[in-house]
Amino acid sequence: MVCGVMTSTVISLKNIPVDQNITMCLKDREYIENDIEERCFKILDKAEIETLVKESVFNVILREKDRLRLLGELVSMGLDQDLYNALVEVITA
């Protein structure tokens, strides 16, 4: 992160034969935690669904720390497909 802005590094490999192995060693990496709860809250806050549904979904997100189980519980809630997809994107990032 530079001056509060997320940055990334792009590595392009050109003219490498498909049967050749490539090994890359990255040093001084910084891992950024995916704040699932905060990001899902923002999605739910903007969603045009009943408040009780928002609360139920968010309570599941707060309670279930295992991501696979969380996804399973969200599927069983019968959410709108677009909302479900947005939550899945955050949870699986």
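Given the structure is predicted, the values throughout are model-derived calculations rather than measurements. (Residues numbered from 1 in each chain as written. Predicted model: local features only at pLDDT ≥ 70, side-chain atom pairs only at ≥ 80, totals over all residues. Heavy atoms only, no water.)

A. View of the pattern of salt bridges. Following the criterion strictly, the structure yields 3 salt bridges and no others. When the shortest N-O distance is used, the salt bridge between K42 and E38 registers 3.3 Å. Taken together, the residues span about one helical turn, with K42 and E38 both in helix α1 (residues 36–46) at a distance of 4 residues. Taking the relative accessible area as the measure of exposure, K42 reaches 48% and is therefore partly exposed. (Salt bridge = Lys/Arg side-chain N within 4 Å of Asp/Glu carboxyl O. Helix = DSSP H or I, 4+ residues; strand = E, 2+ residues; numbered from the N terminus. Buried < 20%, exposed > 50% of the residue type's maximum accessible area, 1.4 Å probe, protein only.)

B. Seen up close, the side chain of K54. Looking at the element boundaries, K54 is found in helix α2 (residues 51–63). Look at K54: it is buried, it has no salt bridge, and the nearest opposite charge is D45 at 5.1 Å. The residues touching K54, leaving out its near neighbours within four places in the chain, are L44, D45, A47 and I49. (Lys, Arg positive; Asp, Glu negative; His and termini not counted. Contact = heavy atoms within 4.5 Å.)

C. Geometry of the environment of D82. Within the fold, D82 resides in helix α4 (residues 81–91). Accessibility expressed as a relative area gives 61% for D82, which makes it exposed.

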